[in-house]
Amino acid sequence: MGRRLAADSVFERETSSDEPNGEVSAKSHAPLTSAQRVAASSASSTEIAPDAYGKEAKHFKVTRVLNRDVRIVLEGVAKDNKLIDSVYYPDGDSAKDLPLELVQNGLAKFVEWSANMMEEDAKRRLKSAELQAKKERLRFGQTMCPQLQIQRQSMTRNLQVVEVVSGDCIIVADDAAPYGSPLAERRVNLSSIRCPRMDQLKGLNLTGVIPDELGNLTYLQEIDLTRNYLNGSIPTSLAWIPRLSAFCKSGLGNRLSGSIPKIIGDIATLEELVWENNQLEGPLPENLGNLRSLRRLLLSANNFTGTIGVTFSSLKNLTDVRLDGNTFSGKMPDFIGNWTKLVRLDMQCSSMEGPIPSTISLLTKLTDLRITDLKG
């Protein structure tokens, strides 16, 4: 089971004016260029700042459920039709309660209004976990949450997590839904908890190009422009951001074009490059092999050509590589055996030549392998 593209309406529900877990809606009421939006978000004195542990809560969740099958128990439905669920992920022979783990680690708070949907024992465990986290002064402080009307329902299904939106929200793929249906991907909010808020620009319907001035934000650590309507090329000014660890610009709407600037290979702190479903072209720069901290390299559905340079053999921290849907040339490289931390590898429809190298047997942590249409 994997991620499937669906109609734009899949994501329209994300910008509701009444978020069930206490989030502040970021829906744009008038079209702004990306430069205007970045300037406005930086200069506004009334904008609510992100909570201190938002990134940590998201990372906690990413490392446990992303690209894995999880069991989702529907606890109820809020008045705006948002699903409120409990999520359990496999851990050996047992299943772990993700919301409970977040609360135990001080990365989420107990929310009374949605906890009323749960069984008393589960509710009691969450409340006790929060009290213990407060006693130990773990991370996230108290946050008020709006009271919403809810409807108790019950449903359990096994679905795959395809995106972690935040500490208390994930998107799952439903292969039972028709292709292109708004139900092909579902937004799932964890019941009875509220995680720290993260500051992001994803899904705001931004238009225009990425401004060069973004490079002036030298303390920026993560750029997530997913699900907007941006175009143009990748600004070389990104190399001026010394702490940048992630640059994500994929999903429906975005149409990034041109080649990847060689200078991107100089951003030694980069851990994630997520540029799927754009119109990028040309060969992959050799010096991307300098990104020794890189964990995720997602370049699916672009127009890349040429071979994958031997310098990429140095990327030994990679856990997720997706190069499918491009027009590469040459053989599938033997050096993929160096990527021993790899969990997922997608190379279908990449125009590469076979055979599959024997070194693939060294990827002992691999759980998701997709290779089809090799030439020869």
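Please read all numbers here as calculations on a predicted model, not as lab measurements. Counting starts from 1 at the beginning of each chain's written sequence and moves along it residue by residue. For a predicted model such as this one, the threshold for reporting local features is a pLDDT of at least 70, and the threshold for listing and counting side-chain atom pairs is 80 or more; totals across whole chains, interfaces and linings nevertheless cover every residue. To get the side-chain values, all heavy atoms of the structure are used, and hydrogens and water are removed first.

## Things to note about the overall build of the protein
1) Next: Along the backbone of the protein there are five helices and 20 strands.
2) Next: Classification of residues uses two cut-offs on accessible area relative to the type maximum, computed with a 1.4 Å probe and protein chains only: under 20% is buried, over 50% is exposed, and between them is partly exposed. Here the protein, with 376 residues, has 51% of them falling under the buried criterion.
3) Next: Looking at the protein alone, contacts between residues at least 24 apart form 64% of all its contacts between residues at least 6 apart.
4) Next: Each accessible area is a Shrake-Rupley estimate made with a 1.4 Å probe; only the visible protein chains count as cover when residues are assessed. Accessible surface for the protein amounts to roughly 17200 Å². Of this, 50% is attributable to carbon and sulfur atoms. Each helix corresponds to a stretch of at least 4 residues labelled H or I by DSSP, and each strand to a stretch of at least 2 residues labelled E; elements are numbered beginning at the N terminus. Any two residues having at least one pair of non-hydrogen atoms within 4.5 Å are treated as being in contact.

## With respect to helix α2 (residues 54-65)
1) Next: Taking 1.5 Å as the rise per residue, α2 with twelve residues should run 16 Å; its terminal C-alpha atoms sit 17 Å apart, in good agreement.
2) Next: Three or more residues of α2 are buried, namely Gly-54, Ala-57, Lys-58, Phe-60, Lys-61 and Val-65. Angularly, the buried residues of α2 cover 155° about the axis, an arc narrow enough to put them on a single face.
3) Next: Taken from the residues just after α2, Asn-67 is the one with a positive phi, measuring 65°. By this rule, a helix spans an expected 1.5 Å times one less than how many residues it contains. For this quantity, the arc is that covered by the directions from the helix axis to the C-beta atoms.

## Here's the deal with the environment of Asp-69
1) Next: By the secondary structure assignment, Asp-69 is in strand β1 (residues 69-78).
2) Next: Judged by relative accessible area, which is 47%, Asp-69 ranks as partly exposed.
3) Next: Distance from Asp-69 to Leu-159, taken between C-alpha atoms, is 5.5 Å for residues 90 residues apart in sequence.

## As for the sheet that holds strand β18 (residues 320-322)
Whether parallel or antiparallel, the strands of a sheet pair through hydrogen bonds between backbone atoms.
1) Next: Note on pairing: DSSP must find at least two bridges between two strands before they are called paired. Within the open sheet, the seven strands sit side by side as β10-β12-β14-β16-β18-β19-β20. Their pairing is parallel. Two strands lie at the open edges of the sheet, namely β10 (222-224) and β20 (368-370), each paired on one side alone. When strand polarity is set aside, the average angle formed by the axes of neighbouring strands in this sheet is 10°. To obtain each axis, a line is fitted to C-alpha atoms, and for helices this fit is confined to the stretch in contact; angles are then taken between N-to-C directions over 0 to 180 degrees.

## Some points on the sheet that holds strand β9 (residues 207-209)
1) Next: Taken in spatial order, the five strands line up as β9-β11-β13-β15-β17 in an open sheet, and their pairing is parallel. The open sheet is flanked by β9 and β17 (303-304), the only strands paired with a single partner.
2) Next: Note: strand β15 (residues 279-282) against β17, two bridges, orientation parallel. Along β17, the bridge assignment pairs Gly-282 with Phe-304.

## Some points on the nonpolar core
1) Next: With 47 residues, the main nonpolar core has Ile-264 and Trp-339 as its most contacted residues.
2) Next: When sequence neighbours within four positions are dropped, the list of residues in contact with Trp-339 reads Phe-312, Ser-313, Leu-315, Leu-318, Val-321 and Leu-363.
3) Next: Val-70, Val-87, Leu-100 and Ala-122 belong to the second-largest nonpolar core, a separate cluster that totals 25 residues. In these notes, a set of buried Ala, Val, Leu, Ile, Met, Phe, Trp, Tyr and Cys residues joined through side-chain atoms within 4.5 Å is what counts as a nonpolar core.

## Quick notes on the packing of aromatic side chains
Any pair of aromatic rings gets described here by the distance separating the centres and the angle formed by the planes.
1) Next: Whether two aromatic rings pair depends on their centres lying within 6.5 Å, for rings of Phe, Tyr and Trp, where Trp uses its six-membered ring; planes under 30 degrees apart make the pair stacked, over 60 edge-to-face, and the rest tilted. This structure, assessed with the given rule, holds one aromatic pair.
2) Next: Each ring, one from Phe-335 and one from Trp-339, has its centre 5.9 Å from the other, and the planes form 65°; the classification is edge-to-face.
3) Next: Take Trp-339: its relative accessible area is 2%, and that puts it in the buried class.
4) Next: Lying across the ring of Phe-60, Arg-64 places its NZ or CZ 3.5 Å from the centre.
5) Next: The lysine or arginine in question, Arg-71, covers the ring of Tyr-88, its NZ or CZ lying 4.6 Å from the ring centre. As a reminder, the over-ring test applies to NZ of lysine and CZ of arginine, requiring each to be within 6 Å of the ring centre and within 35 degrees of the ring normal.

## Structural notes on helix α5 (residues 120-135)
Working note: α-helix, 3.6 residues per turn, so residues spaced by three or four point in the same direction.
1) Next: Compared with the 22 Å implied by 1.5 Å per residue over 16 residues, the 22 Å span of α5 between its first and last C-alpha is a close match.
2) Next: Of all the positions in α5, only Ala-122, Lys-123, Leu-126, Ala-129, Glu-130 and Ala-133 are classed as buried. Buried residues in α5, looked at end-on, bunch into an arc of 125°, giving them a common side.

## Description of the pairing of strand β13 (residues 255-258)
1) Next: Pairing geometry for strand β11 (residues 229-232) and β13, over two bridges, is parallel. What sits directly across from Gly-232, in β13, is Leu-256.
2) Next: Judged from the two bridges that link them, β13 and β15 form a sheet pairing that is parallel. Counted as the bridge partner of Ser-257 is Gln-279 from β15.

## Focus: the environment of Glu-271
1) Next: Topologically, Glu-271 is positioned in the loop between β13 and β14 (272-274).
2) Next: Glu-271 sits 25 residues away from Arg-296 along the chain, and the two C-alpha atoms are 6.5 Å apart.
3) Next: What Glu-271 contacts, discounting residues up to four positions off in sequence, is Ser-245, Ser-293, Leu-294, Arg-295 and Arg-296.

## Some thoughts on the pattern of salt bridges
For side chains of opposite charge, pairing can occur when their charged atoms come near one another.
1) Next: When a carboxyl oxygen of Asp or Glu lies within 4 Å of a side-chain nitrogen of Lys or Arg, that pair is called a salt bridge. Inspection of every chain in the model, using the stated rule, returns 14 salt bridges.
2) Next: Asp-346 is the salt-bridge partner of Arg-370, the closest N and O atoms lying 4.0 Å from each other. Of the two residues, Arg-370 is situated in strand β20 and Asp-346 in strand β19 (residues 344-346); the sequence distance between them amounts to 24 residues.
3) Next: For Arg-370, a relative accessible area of 21% corresponds to the partly exposed category.
4) Next: Taking the relative accessible area as the measure of exposure, Asp-346 reaches 2% and is therefore buried.
5) Next: Each of Glu-271, Glu-272, Arg-295, Arg-296, Asp-320 and Arg-322 takes part in salt bridges that share partners, so that together they form one network.

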